[in-house]
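Okay, here's what each chain looks like letter by letter:
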Amino acid sequence: MSKGGRYVIIIVDMEDPIQEDAKQFIIDSFDKFMEEKDIANDIRKKMDKLHGESWNVIVGKAFGAHVVHQTNSYLFCSYDEISILLWKS
């Protein structure tokens, strides 16, 4: 979708090593895919593989959400003005 975009954390409740993995997965997925659904699916698969199953990902420009998440497993950020919500249920 975009190379060299700007990654901005909006809200985070996640341990630093997992957060760093998520950031790298987000950047890699945006570089690899054009469609938001493909980006979200790629991030979810990578998080499930590395940090256990039950990760959920929403990628888009305009959405609202209220989610219940496990402690230390929530990230809301943006990349190139597109929002990413990542949490483990």
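Here, the structure is the one placed above.
Residues numbered from 1 in each chain as written. Predicted model: local features only at pLDDT ≥ 70, side-chain atom pairs only at ≥ 80, totals over all residues. Heavy atoms only, no water.

Participant: I tried to follow the packing of helix 1 (residues 16-32) against helix 2 (residues 36-51) on my own but got confused; where do I start?
Facilitator: Angle between the axes and distance between the axes are the two parameters that describe a pair of packed helices. Where helix 1 contacts helix 2, the two axes come as close as 9 Å, and the packing angle between them is 145 degrees. Relative to helix 2, the crossing made by helix 1 is right-handed. Across the interface between the two elements, Ile 18, Asp 21, Ala 22, Phe 25, Ile 26, Asp 28, Ser 29, Phe 30 and Lys 32 from helix 1 touch Ile 39, Asp 42, Ile 43, Lys 46, Met 47, Leu 50 and His 51 from helix 2. Of the residues that constitute the contact of helix 1 with helix 2, the class distribution is nine nonpolar, two polar and five charged. (Axes fitted to C-alpha atoms, helices over the stretch in contact; angles between N-to-C directions. Helix = DSSP H or I, 4+ residues; strand = E, 2+ residues; numbered from the N terminus. Left-handed = near helix turned anticlockwise from the far one by under 90°. Contact = heavy atoms within 4.5 Å. Nonpolar A, V, L, I, M, F, W, Y, C, P; charged D, E, K, R; others polar.)

Participant: Looking at this structure, I do not really get the nonpolar core. What am I missing?
Facilitator: Residues Ile 26, Phe 30, Met 47, Val 59, Leu 75, Ile 84 and Leu 86 are the most contacted members of the largest nonpolar core, which totals 20 residues. Residue assignment for this core shows that the elements contributing at least two residues are strand 1 (7-14), helix 1, helix 2, strand 2 (55-60), strand 3 (73-79) and strand 4 (82-88). The biggest single contributor to this core is helix 1, with five residues. Here Leu 86 is in contact with Met 14, Ala 22, Ile 43, Met 47, Trp 55, Asn 56, Val 57, Ser 73, Tyr 74 and Leu 75, once residues within four sequence places are set aside. (Core = buried A, V, L, I, M, F, W, Y, C linked by side-chain atoms within 4.5 Å. Buried < 20%, exposed > 50% of the residue type's maximum accessible area, 1.4 Å probe, protein only.)

Participant: Explanation requested: the pattern of salt bridges in the structure shown.
Facilitator: Side-chain pairs of opposite charge can arise whenever the charged atoms involved come near each other. In this structure the tally under the stated criterion is three salt bridges. Between Lys 37 and Asp 38 there is a salt bridge, with its nearest N and O atoms 3.7 Å apart. With a closest N to O distance of 3.0 Å, Asp 48 and Arg 44 form a salt bridge. Taken as a pair, Asp 48 and Arg 44 lie in helix 2 at a separation of four residues, close to a single helical turn. (Salt bridge = Lys/Arg side-chain N within 4 Å of Asp/Glu carboxyl O.)

Participant: Explain the sheet that holds strand 2 here, please?
Facilitator: Adjacent strands of a sheet pair through backbone hydrogen bonds, lying either parallel or antiparallel. Reading across from one edge, 1-3-4-2 is the order of the four strands in this open sheet, with antiparallel pairing throughout. Edge positions in the open sheet fall to strand 1 and strand 2, since each of these has one partner strand only. In this sheet, adjacent strand axes meet at a mean angle of 10 degrees when their direction is disregarded. As paired elements, strand 2 and strand 4 share six bridges and run antiparallel to each other. Paired with Ile 58 across the strands is Leu 85, a residue of strand 4. Each of strand 1, strand 2, strand 3 and strand 4 is contacted by helix 1, which is oriented at about 145 degrees to strand 1, the strand it contacts most. Along the sheet, helix 2 contacts strand 2 and strand 4; its crossing angle with strand 2, the most-contacted strand, is approximately 155 degrees. (Pairing = 2+ DSSP bridges.)

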